[in-house]
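Okay, here's what each chain looks like letter by letter:
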Amino acid sequence: MEKWVNCYKCQHFYVTWDRHFPKGCRAFGFKSAAMPSLVVKQSSGTECMKFVEKRK
């Protein structure tokens, strides 16, 4: 079973106002319809290397 990066727990994740691309990543500088970590995995073949857990 593959482990995936949960963008909701990352400091770089944000919700955009663009209804077609509602999820964004500040670290990589893009918006997407899918979770940014999945887009990174599909395009590079590796897990997201810029994940930083949010402080509580």
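Above this text is the structure in question.
Residues numbered from 1 in each chain as written. Predicted model: local features only at pLDDT ≥ 70, side-chain atom pairs only at ≥ 80, totals over all residues. Heavy atoms only, no water.

A. Just the overall build of the chain, in detail. If you tally the helices and strands in the chain, you get one helix and three strands. Going from N to C terminus, the chain has its helices and strands arranged as β-β-β-α. In terms of C-alpha radius of gyration, the chain reaches 11 Å, essentially the compact-globule figure of 10 Å for 56 residues. By residue count, 23% of the 56 residues in the chain fall in the buried class. Considering only residue pairs separated by 6 or more positions, the chain has 36% of its internal contacts joining residues 24 or more positions apart. (Helix = DSSP H or I, 4+ residues; strand = E, 2+ residues; numbered from the N terminus. Rg over C-alpha atoms; globule rule 2.2 N^0.38 Å. Buried < 20%, exposed > 50% of the residue type's maximum accessible area, 1.4 Å probe, protein only. Contact = heavy atoms within 4.5 Å.)

B. Summary view of the packing of aromatic side chains. Counted according to the given criterion, the structure contains two aromatic pairs. Geometrically, the ring pair formed by Tyr-8 and Phe-13 is edge-to-face, given 5.1 Å between the ring centres and 75 degrees between the ring planes. On the accessibility criterion, Tyr-8 (47% relative accessible area) is partly exposed. Judged by its relative accessible area of 9%, Phe-13 is buried. (Phe/Tyr/Trp six-rings, centres within 6.5 Å; stacked < 30°, edge-to-face > 60°.)

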